[in-house]
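# Structural overview for review
Chain by chain, the residues:
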Amino acid sequence: MESIFDAGIIGAGIGGLTAALELRDYNIIVLEKLHRPGGTSFSFRRKDYEFLTGPLGFSHPDLIKSYFMDKGLSNLRFTRTNYQLLAGNINLIISKPLNLLEKDLKSLFQHENVEKAVSELKEVICKVRGIFYHEGKYFNALKGNWFEVQMDGAGYDISAAEFFSQFIEDDTLLSILSGMGLKESEFSLIASACMWDVLAEVGLWYPADGLSEMVRSLFSKVENKVKLRHAIEKISFEDGNYVLSTSKGIFKAKRIILNADVKKTYYLMDDELSKTFKPFIDKREEGDSLLTFYAGIDESKINKERIRAHHVLYYPYLDESNDQRGNRFFENEVEVTFLSDYGKFCPEDKAAVMIRSPLDYDECKFDTEEKYYKFKEKISTELLEIVEPLVPGIGSAVEVRDASTPVTYEVWGGRYRGSIAGWNWDDSMPRCLVKTPLENFYVCGIYSFSIPFLGAFPTSLYSGKLAAGFVRSREKI
Ligand SMILES: Cc1cc2nc3c(=O)[nH]c(=O)nc-3n(C[C@H](O)[C@H](O)[C@H](O)COP(=O)(O)OP(=O)(O)OC[C@H]3O[C@@H](n4cnc5c(N)ncnc54)[C@H](O)[C@@H]3O)c2cc1C
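Let us look at the structure shown here. Fair warning: this is a prediction, and the values are worked out from it, not measured in the lab.

About the thresholds
Residues numbered from 1 in each chain as written. Predicted model: local features only at pLDDT ≥ 70, side-chain atom pairs only at ≥ 80, totals over all residues. Heavy atoms only, no water. Pairing = 2+ DSSP bridges. Helix = DSSP H or I, 4+ residues; strand = E, 2+ residues; numbered from the N terminus. Buried < 20%, exposed > 50% of the residue type's maximum accessible area, 1.4 Å probe, protein only. Phe/Tyr/Trp six-rings, centres within 6.5 Å; stacked < 30°, edge-to-face > 60°. Lys NZ or Arg CZ within 6 Å of the ring centre and 35° of its normal. Contact = heavy atoms within 4.5 Å.

### Description of the sheet that holds strand β9 (residues 137-140)
Reading across the sheet, the three strands line up as β8-β9-β10 and stay open at both edges, with antiparallel pairing between neighbours. Looking along the sheet, the strands with just one partner apiece sit at the ends: β8 (131-134) and β10 (148-149). Looking at chain direction, β9 and β10 are connected through two bridges and run antiparallel. In the strand pairing of β10, Phe139 is matched with Glu148.

Below is the structure:
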């Protein structure tokens, strides 16, 4: 007789694997399109170098460590990573705890009321840390699943820029406070507070044994439930069950937990399902896409004098020594990460570097593969060139190179239009989107909250627990 699973989980990213672990005593199946688990949280090798496919680190390591301990997974140790903002005469370690950062900002913007702005920000952080909204109630994710709290959301329904402009006049300082960089921020106040919490107060951390190892540990507990290389091609509903069609067969399940990209999956639903599901994606805009350049370099050939942190947020147009006006990344923020300064990514005398900058998805669409690869080569070279004044010698020190465009993130990561960080973070409050308009159909992962309030990776893990909880609490399965 045909098997009908209690739950079908689509995608073995962090959210999907966590949901599977929570439900491993049930008759479940995880269908994953790639040849390996982990989704965007993984790494890949090019010769002697290892690079990261997505996250370069994540916040709330204690939450993740204790979850791993509880489940008998590997014992995690973390290294904190730091960020330097280098924009003309602004040269700051921006990931310092806010009481230290306040002093640096004060010396740069002496006529501004930095103390007031930072103390107001800290107050918002204290009120909203770990808090999200679901069906008229507030919960604190850091205190446990569905831990309800009393909170008055009033007064927070403004953008970060509006909030800080009450205390600050200088446009540059306003951008730094509202968006952690120099571009105009679209964050809501709460999104900005969550991101300051993640970046500066709790910090961003990297697992000492590597991200892939961490994922493998999680995967090892649910491996027998996972079918790799099983891409969902169509979803329909028949006789009370969801029907998941893959190139390797059909699977039926009473309930679904969707970890794959929500908008991409919407286009796989039959007419009936997609009609009901549509309100879930209507009016929700996915976040930006980017280009990543991976460089394996001979460290002896570069000058790292200007580099003071693991990650540098660099603004070429504000750098007097950068005269590459014709370079397409000249006006952008460019993030340069020295992975090998915080993990074992290559041999001792080498450096594994990742360079990222925003790039529009539509620019990468071509009618032939040849044109696409030519474009990819050209823009990757431009991205490498734009950081030459920051890291003199880097151009000629590259031994291994590769790149990911928004099309790579779409094809490999399964991300709609190559978007990387969930929805646009402009909602006034992190809203739980685990439940969908389709009955018994839940979402986990980066699209399961309107703002990834704990940072993306821990939010995905937490949402996997919530989605599993919904599945479990519905009658007996
Ligand atoms: C470039 C980039 C940089 C990032 N940087 C950070 C960072 O620094 N810190 C941070 O916390 N987060 C970062 N993120 C966000 C990161 O994606 C999350 O932290 C986390 O990996 C998301 O996990 P997830 O559970 O949403 O699943 P995902 O990683 O999105 O996994 C979804 C899974 O679904 C699978 N899938 C897709 N379509 C199908 C289908 N049709 N059938 C079957 N399976 C399918 C995919 O192959 C994948 O395995 C970054 C993401 C990207 C892309």
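Still to come is the rest of the account.
### A closer look at unusual backbone geometry
Positive phi outside glycine occurs at Trp146, with the angle close to 50°. In this fold, Trp146 is placed in the loop between β9 and β10. The backbone phi angle of Asp239 is positive, close to 50°, even though this residue is not glycine. Here Asp239 lies in the loop between β13 (232-238) and β14 (241-246). Owing to a relative accessible area of 75%, Asp239 belongs among the exposed residues under this scheme.

### Here we look at the packing of aromatic side chains
Two measures describe an aromatic ring pair: the distance that separates the ring centres and the angle between the ring planes. Taken as a whole, this structure holds 33 aromatic pairs when the rule is applied. When the centroid spacing of 6.4 Å and the interplanar angle of 15° are considered together, the rings of Tyr267 and Tyr416 count as stacked. Within this pair, whereas Tyr267 is found in the loop between α9 (262-266) and α10 (271-281), its partner Tyr416 is found in the loop between α13 (406-411) and β21 (441-443), the two being separated by 149 residues in sequence. The ring centre of Phe280 lies 5.4 Å from the NZ or CZ of Arg284, which sits over that ring. It is Lys304 that lies over the ring of Phe338; its NZ or CZ is 4.5 Å from the centre.

### As for the pairing of β8
It is a general feature of regular strands that their side chains alternate between the two faces of the sheet. With four bridges joining them, β8 and β9 adopt antiparallel strand pairing. Residue Ile131 lies in a different strand from β9, and its bridge partner there is Asn140.

### Some remarks on the side chain of Thr405
Structurally, the position occupied by Thr405 is in the loop between β20 (398-404) and α13. The buried category is assigned to Thr405, whose relative accessible area is 0%. Those residues in contact with Thr405, other than ones at most four positions away along the chain, are Leu290, Leu291, Cys364, Tyr372 and Lys376.

### Focus: the environment of Ala468
By secondary structure assignment, the location of Ala468 is in helix α14 (residues 456-473). Through-space distance from the C-alpha of Ala468 to that of Ile257 is 7.9 Å; in sequence the pair is 211 residues apart. Ignoring sequence-local partners within four residues, the contact set of Ala468 consists of Ala19, Glu22, Leu23 and Ile257.

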